Amino acid sequence: MLKIFETCLKQSTRHNSSLRNCFITLKRTNNANVHRNFSTISKIPNHCVYEDVRSKFNSNGKTTGSARNKMLFAVSVAGLLKFLGLAEEEEESELMQILKRGELSYRRQEFDKSERIFHVALRLAQELQNENAITFIYDRLANVAFESNQFEKARKLFVDVLNRLFQKGMKEDDLTVIHISFKLAKIFEHSKDYFGAHSGYDFCFQKLEPKLNDQNEEYEDALALYKVLLNGYAYFNYNVGQLNKALELFKKAYDVNRQIYGEKHEDNVLMLNNLGTIYKHKGDMNTAISYFHEAEKLGKLLPEMENFSFIYLNLGYCYMETHVLNEALKYCQLAQRNAVHHDYQEGIKESEDCIAKVKHLTTKIQ
C-alpha cells in the first residue's frame, strides 16, 4: 500500500491527474484481501472521541484551543516559508502585510475572510511573478478549504502545492510533504475511501518514523507531527470499527504527548477520554471507568478546559449502563454545572439529556 500511495502521489503531482482515480484504478489490481479488510467493517457511532486534525471537537466542531495544533501549524508554515525562501522577504512589503492579515484571519477561524485576503495576495504575487509566494498562497488556500470542509477543493489545491514543491526539489520525506499527505489521507477518509486513507497513513508513517531515530534539528517538529499522525490514524481505525488497532495507536499517541508536554496538559485529558471511550465500546466498563476517572483527576487541574463536562458525561453514561444510578445522576449533574460554568452549550444540552435519562430509569425501577 505504501508503493500504491507513492505511485499515486507521484503520478498526480507530476501529471496533474486525480489521486482518487489513481487509487480506484490500482485497487482493481491490488490484492483483494487488503481492501476486504475495509469493506466489511462496521462503523460505530462517534460519541465523545476527540480528533486533532483540524483542532476541533469531533461531535460539534467546537474548537478545543489545543496548543499542540497551534505548534504544528506554526511548524508547517515556518518550514514552508523557509524552503520557499520567503522567510527573508521584507516584512513591510505589501505582499507580506496582506499574507499576515490572511494568516491572522485563518488563526481566528474566519475562513471566508481569510480566503478573500489570500486571493488578494495571490493576484499581487502573480503580478510580481513571485512563484514561491504563489506556492505558499496555494498552500494556505488549501488549508482554508480543508478547515472549511471543502475537501475536494482542498485536495486539488494540495496536489498542486505538492507538484510545485517537487518541481522545486523538495523530497518526499520532507515534513511539509508528510503533513500535506496526512491531510490528503484525511480527505480520503472523509470521502469513505478507506483503502486510500489507509495507504496515505502508511506512506506518512514510513516517511516520518526514520526521522525519530536521530535527535537532529527537526526531531521536535517530527515528534509533534508523529503525535498528530498517531492520533489521526487511531481516530480513523476507531471510526471504521477497528477498536484494537485504535486502542494501540491512542496509547502510543498518549505516550508521545506526555513526552512532548508532560503530564499536566489538556490533550492528555482528551486522550484518556478516547481510551475510556474505546474500552466502553468494547464492553469493558471497569477499565473504561478507570480511564474516565483518570481523565477527571487530571482535568480538575485544568480549570480553563471548556469541554471538560464530557468527561463527567462519559462517567454518567458508564454508571447508567452498569445500573449504578446514584453515581450516574451525580456525574450528569457535575457535567451540567461544569458546562454552565463555561457557557458550553453543547455540554449543557448533553448533560440535560443525561439527567433526564437517569431519572427515567430510576422511575422505571421504582
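Residues numbered from 1 in each chain as written. Predicted model: local features only at pLDDT ≥ 70, side-chain atom pairs only at ≥ 80, totals over all residues. Heavy atoms only, no water.

### A look at helix H5 (residues 94–107)
Note that an α-helix has 3.6 residues per turn; residues three or four places apart therefore point the same way. Going by this rule: Runs of H or I in DSSP of at least four residues are treated as helices and runs of E of at least two as strands, each being numbered from the N terminus. The span one expects for a helix is its residue count, reduced by one, times 1.5 Å. Burial classification: accessible surface area is computed with a 1.4 Å probe over protein chains only, and a residue below 20% of its type maximum counts as buried, one above 50% as exposed, and the rest as partly exposed.
Given a rise of 1.5 Å per residue, 14 residues ought to cover 20 Å, and the 20 Å separating the end C-alpha atoms of H5 matches this to within 8%. Regarding H5, the residues found buried are Leu95, Met96, Ile98, Leu99, Gly102, Glu103, Ser105 and Tyr106. Phi turns positive, to about 65 degrees, at Gln109, one or two residues after H5.

### A short note on the pattern of salt bridges
This is how it is decided: Take a side-chain nitrogen of Lys or Arg and a carboxyl oxygen of Asp or Glu: if they are within 4 Å of each other, that pair is a salt bridge.
Here the structure, examined in full by the defined rule, presents 16 salt bridges. With a closest N to O distance of 2.9 Å, Glu321 and Lys280 form a salt bridge. You can see Glu321 sitting in helix H15 (residues 309–321) and its partner Lys280 sitting in helix H13 (residues 266–281), a full 41 residues away along the chain. A relative accessible area of 45% places Glu321 in the partly exposed class. Judged by relative accessible area, Lys280 falls into the buried class, the value being 16%. Salt bridges linked by common partners bring Glu103, Asp139 and Arg140 together as one network.

### Overview of the environment of Lys183
To keep it simple, the criterion reads: The contact definition used throughout considers only heavy atoms, calling two residues in contact when any of these lie within 4.5 Å. We define a polar contact as two N or O atoms separated by no more than 3.5 Å, with the added condition that, inside protein, one atom must be a possible hydrogen donor and the other a possible acceptor, whereas residues neighbouring each other in sequence contribute only through side-chain atom pairs.
Along the chain, the position of Lys183 falls in helix H9 (residues 175–190). Each C-alpha atom of the pair Lys183 and Tyr201 lies 9.4 Å from the other, and the pair is 18 residues apart in sequence. Aside from chain neighbours lying at most four places away, what touches Lys183 is Asn143, Phe146 and Phe158. Side chain to side chain, Lys183 and Asn143 meet in a polar contact 2.2 Å long.

### Quick look at the side chain of Asn273
Tracing the sequence through the fold places Asn273 in helix H13. Side chain to side chain, Asn273 and Asn314 meet in a polar contact 2.7 Å long.

### Brief notes about the packing of helix H8 (residues 151–167) against H9
Definition in use: Here an axis means a line fitted to C-alpha atoms, over the contact stretch when the element is a helix, while the angle between two N-to-C directions is reported on a 0 to 180 degree scale. Should an angle fall under 35 degrees it is called roughly parallel, over 145 degrees roughly antiparallel, and 65 to 115 degrees roughly perpendicular, with every other angle called oblique. For any pair of crossing helices, the crossing counts as left-handed if the nearer helix is rotated counterclockwise from the farther one by less than a right angle, and right-handed if it is rotated clockwise.
Between H8 and H9, the shortest axis-to-axis distance is 10 Å and the interhelical angle comes to 155 degrees. Here H8 is positioned roughly antiparallel relative to H9, judged by the angle of their axes. Crossing hand, H8 versus H9: left-handed. Mapping the contact onto sequence places Phe151, Ala154, Arg155, Phe158, Val159, Val161, Leu162, Leu165 and Phe166 in H8 and Thr176, Val177, Ile180, Lys183, Leu184, Ile187 and His190 in H9.

### Looking at the state of the cysteines
For clarity, the threshold we go by: Only a pair of cysteine sulfur atoms within 2.5 Å qualifies as a disulfide here.
Here the structure, examined in full by the defined rule, presents 1 disulfide. Between the sulfur atoms of Cys332 and its disulfide mate Cys354 the distance is 1.8 Å. A residue pair is termed long-range when its members are at least 10 positions apart, and Cys332 in helix H16 (residues 325–341) and Cys354 in helix H17 (residues 345–365) qualify at 22 residues. Residue class for Cys332 comes out buried when judged on its relative accessible area of 0%. A relative accessible area of 0% means that Cys354 is categorised as buried.

### As for the confidence of the model for the protein
Stated formally: Every residue gets a pLDDT, meaning the predictor's confidence in that residue, from 0 to 100.
Looking at the protein, the pLDDT average stands at 82 and 75% of residues meet or exceed 70. Across residues 27–47, confidence stays below pLDDT 50; counting only partners more than four residues off in sequence or on other chains, it has 32 contacts. Below a pLDDT of 50 lies the segment residues 52–72, which in the model reaches 61 contacts outside its immediate sequence neighbourhood of four places, other chains included.

### What about the packing of aromatic side chains?
Where we set the bar: For Phe, Tyr and Trp, rings pair up if their centres lie within 6.5 Å, where Trp contributes its six-membered ring, and each pair is then called stacked (planes under 30 degrees apart), edge-to-face (over 60) or tilted (otherwise). Only when the NZ of Lys or the CZ of Arg is both within 6 Å of the ring centre and within 35 degrees of the ring normal is a charge said to sit over the ring.
Within the structure shown, the criterion is met by 15 aromatic pairs. For the pair Tyr201 and Tyr233, a centre-to-centre distance of 4.7 Å together with 35 degrees between the ring planes defines the contact as tilted. Residue Tyr201 is found in helix H10 (residues 194–208), and its partner Tyr233 is found in helix H11 (residues 219–239); the two are separated by 32 residues along the sequence. Pairing Tyr201 with Phe236 gives two aromatic rings, centres 5.7 Å apart and planes at 35 degrees, and the pair type is tilted. Of this pair, Tyr201 sits in helix H10 while Phe236 sits in helix H11, placing them 35 residues apart in sequence. Phe236 shares its class with Tyr201; the two are buried. Here the aromatic cluster, defined as three or more aromatic residues joined through ring pairs, consists of Phe182, Tyr194, Tyr201, Phe205, Tyr226, Tyr233 and Phe236. When the ring centre of Tyr106 is taken as origin, the NZ or CZ atom of Arg140, which lies over that ring, is 5.1 Å away. The ring of Tyr254 has Arg258 lying over it, and the distance from NZ or CZ to the ring centre is 4.2 Å.

### Details of the environment of Gln150
Checked against the element boundaries, Gln150 lands in the loop between helix H7 (131–147) and H8. Residue Gln150 is classed as partly exposed on the basis of its relative accessible area, which comes to 33%. Counting along the chain gives 37 residues from Gln150 to Ile187, while the straight-line C-alpha distance between them is 9.5 Å.

### A look at the environment of Ile348
In this fold, Ile348 is placed in helix H17. Residues Ile348 and Ala335, spaced 13 residues apart in sequence, show a C-alpha to C-alpha distance of 7.7 Å. Setting aside chain neighbours within four positions, we find Ile348 in contact with Ala339 and Val340.

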